Amino acid sequence: MNEHSDKGGREHYRHLVRVFWIDAQMRSLRYPNAATIAAHFEVSEKTARRTLEFMREQMKMPIAYAAAHRGWYYTEPGYALPMVDLTEGDLVAILLAEKLSRQYRGTALGRQVGRAFEKVLKAMTSVVSVDFRALAEAWSFEAAATSELEPEIFRQLGQAVQQRRQVEMLYYTASSGELKWRRVNPLHLRNYLGEWYLVAHDHLRGAPRVFLASRIRELTLTEEHFDPPPGFNLGEYLGSSFGMIIGSEPQEVEIVFDEYQARWIRERSKFHPTEDREEMPDGRLKLKMTVTALDGVKRFVMQYGAHAEVTRPEELRQAIREEVEAMQTIYGDRQTDNQEEK
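## Points about the overall build of the chain
In terms of regular secondary structure, the chain is built from 11 helices and 11 strands. Residues counted as buried form 37% of the 342 residues belonging to the chain. Across the chain, the fraction of contacts at a sequence separation of at least 24, relative to all contacts at a separation of at least 6, is 58%. Surface summary for the chain: the accessible area is close to 21,400 Å², and the carbon and sulfur share equals 49%.

Pasting the structure below:
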């Protein structure tokens with residue numbers, strides 16, 4: 001699909017989302033108009049009028065403007081939306097959304113997905129029937145385990161980011177095992193592998209920091225507003241991380257995968273935005289990237305065991321060497337104990 005048709009498809013679906021809402025408003029005799037549509041969806045009145053035109057011209061819906069009510073209505077009482085044409089791909093997407101809500105049931109993400117999914121089903125009840133049990137036999141997925149996040153805290157964080165309001169939060173720092181109050185300017189909420197992270201300007205450190213949202217024990221939304229830090233670029237900031245671990249100084253990293261593991265690495269998309277891959281004559285594969293924190297890279301490399309070797313920087317090589325030695329001590333002691341027992 002080319003870029004033009006892709007944009008056209010996205011715009012078509014945006015119209016449909018608005019159509020369902022406008023339909024419900026008209027059936028309830030609330031007489032929606034361009035102003036109320038624009039306010040509800042946070043779009044321009046010109047965009048709202050294009051949707052109304054889409055309903056009348058493209059979908060051939062019997063709607064008209066009632067001057068007395070200053071809004072639109074159905075000219076045919078009892079009119080129902082035409083049947084929605086769903087492709088197999090649409091049904092699979094619906095199935096995955098349903099499974100996603102089940103997988104994250106009880107979490108902030110799960111509640112959001114569940115509510116959105118219920119709205120879609122309510123809008124489609126009269127026009128389509130989906131047998132999820134039949135589809136589930138052909139499609140499945142498993143989401144990563146995530147930590148629990150209080151829905152109210154998640155809601156307040158989203159509100160703080162959108163309204164640029166400072167927050168006071170009681171935050172648990174796992175590395176020290178301490179609870180401390182922090183005052184921050186929330187800049188962005190990011191979901192990484194199912195976990196929600198808050199990017200915020202930390203008043204204590206005087207710089208942007210990343211906080212795991214599930215570690216926020218208490219949150220107070222203040223009336224203090226803030227401006228984004230001068231020169232702060234969210235894309236560049238997140239691009240310097242690895243596994244949502246962000247440091248201060250950029251460092252060049254090189255990892256060499258042996259011929260065996262390289263076969264699987266080639267099948268994967270980039271692990272980092274700055275990643276560059278170099279094929280080696282003996283079948284090995286070298287990955288180069290620039291990151292600001294090495295701890296996340298260390299965890300990444302160690303999952304591949306002896307099939308991956310860090311060739312630079314030396315600081316990272318030493319960190320992995322120390323980890324391996326500590327593991328040898330643990331497993332070596334257990335082996336010795338087992339031999340003595342025998």
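Still more ground to cover, so stick around.
## Observations regarding the environment of methionine 55
Structurally, the position occupied by methionine 55 is in helix 3 (residues 45–58). By relative accessible area, which is 0% here, methionine 55 ends up buried. C-alpha of methionine 55 to C-alpha of histidine 15: the two residues are 40 residues apart in sequence and 8.5 Å apart in space. When neighbours within four sequence positions are excluded, methionine 55 is seen to be in contact with Val19, Ile22, Met26, Lys60, Met61 and Ile63.

## Details of the packing of aromatic side chains
In total, this model carries 12 aromatic pairs according to the counting rule given. Pairing tyrosine 74 with tyrosine 79 gives two aromatic rings, centres 5.0 Å apart and planes at 45 degrees, and the pair type is tilted. A residue is classified by how much of its surface remains accessible, and tyrosine 74, at 11% relative accessible area, is buried. Considering the side-chain rings of phenylalanine 257 and tyrosine 304, the 5.3 Å spacing of their centres and the 90 degrees angle between planes classify their relative orientation as edge-to-face. Of this pair, phenylalanine 257 sits in strand 8 (residues 251–257) while tyrosine 304 sits in the loop between helix 10 (295–302) and strand 11 (308–312), placing them 47 residues apart in sequence. When its relative accessible area of 12% is taken as the criterion, tyrosine 304 is described as buried.

## Quick word on the sheet that holds strand 6 (residues 207–212)
An order of 6-5-4-3-7 is seen for the five strands of this open sheet, with the pairing classed as antiparallel. Pairing within the sheet leaves two strands with one partner each, and these edge strands are strand 6 and strand 7 (216–225). Strand after strand, the sheet turns through a mean of 45 degrees between neighbouring axes, direction not considered. Summarising the sheet, strand 3 (residues 165–173) and strand 4 (residues 178–192) pair through seven bridges and their orientation is antiparallel. Paired with methionine 169 across the bridge in strand 4 is arginine 182. Sheet strands touched by helix 7 (residues 151–163): strand 3, strand 4, strand 5 (195–202) and strand 7. Its angle to strand 7, the strand with the most contacts, is close to 25 degrees.

## Observations concerning the nonpolar core
Counting residues in hydrophobic clusters, the biggest one holds 25 residues, and the most contacted among them are Leu157, Met169 and Leu198. Residue assignment for this core shows that the elements contributing at least two residues are helix 7, strand 3, strand 4, strand 5, strand 6, strand 7 and helix 8 (234–239).

## Points about helix 2 (residues 34–41)
For helix 2, the set of buried residues is Ala34, Ile37 and Ala38. Buried residues of helix 2, seen end-on, are gathered within an arc of 100 degrees and therefore sit on one face of the element. The N-cap of helix 2, judged by a side-chain oxygen 3.1 Å from the amide nitrogen of alanine 35 a few residues on, is asparagine 33.

## Some thoughts on the sheet that holds strand 9 (residues 276–279)
Pairing within the open sheet is antiparallel, and its four strands lie in the order 9-10-8-11. Each edge of the open sheet is held by one strand with a lone partner, namely strand 9 and strand 11. Across the sheet, the mean angle separating the axes of adjacent strands is 25 degrees when strand polarity is ignored. Relative to strand 10 (residues 285–291), strand 8 runs antiparallel, the two being bridged by seven bridges. Its bridge partner lying in strand 10, glutamate 254 is registered against lysine 288. Running over the sheet, helix 10 touches strand 8, strand 10 and strand 11 and is turned about 0 degrees from strand 8.

## So, the pattern of salt bridges
Enumeration over the complete set of coordinates arrives at 20 salt bridges. The residue arginine 49 makes a salt bridge to glutamate 45 at a minimum N-O spacing of 3.7 Å. Of this pair, arginine 49 and glutamate 45 both sit in helix 3, four residues apart, roughly one helical turn. Glutamate 45 gets classed as partly exposed once you look at its relative accessible area, which sits at 38%. Among the salt bridges present, the one from glutamate 152 reaches arginine 155, with a minimum N-O distance of 2.6 Å.

## Description of the pairing of strand 10
Burial within strand 10 is extensive, with five of its seven residues counted as buried. Sheet topology note: the strand 9/strand 10 ladder contains four bridges and is antiparallel. Within strand 10, the position partnered with glutamate 278 by the bridge is lysine 286. Between strand 9 and strand 10, which follow one another and run antiparallel, lie five residues, and glycine 283 among them has a positive phi close to 95 degrees.

## A look at the confidence of the model for the chain
Summing up the model confidence of the chain, the mean pLDDT is 82 and the portion of residues at 70 or higher is 75%. Taken as a whole, residues 1–10 scores under 50 in pLDDT and shows one contact with residues more than four places along the chain or in a different chain. Low pLDDT (under 50) marks residues 125–130, which in the prediction has seven contacts with non-local residues, meaning those over four places away or in another chain.

Cut-offs used in this document
Residues numbered from 1 in each chain as written. Predicted model: local features only at pLDDT ≥ 70, side-chain atom pairs only at ≥ 80, totals over all residues. Heavy atoms only, no water. Helix = DSSP H or I, 4+ residues; strand = E, 2+ residues; numbered from the N terminus. Buried < 20%, exposed > 50% of the residue type's maximum accessible area, 1.4 Å probe, protein only. Contact = heavy atoms within 4.5 Å. Areas by Shrake-Rupley, 256 points an atom, 1.4 Å probe, with all protein chains shown as cover. Phe/Tyr/Trp six-rings, centres within 6.5 Å; stacked < 30°, edge-to-face > 60°. Pairing = 2+ DSSP bridges. Axes fitted to C-alpha atoms, helices over the stretch in contact; angles between N-to-C directions. Core = buried A, V, L, I, M, F, W, Y, C linked by side-chain atoms within 4.5 Å. Arc of directions from axis to C-beta. Polar contact = N/O pair within 3.5 Å; in protein donor to acceptor, adjacent residues only side chain to side chain. Salt bridge = Lys/Arg side-chain N within 4 Å of Asp/Glu carboxyl O. pLDDT = per-residue confidence, 0-100.

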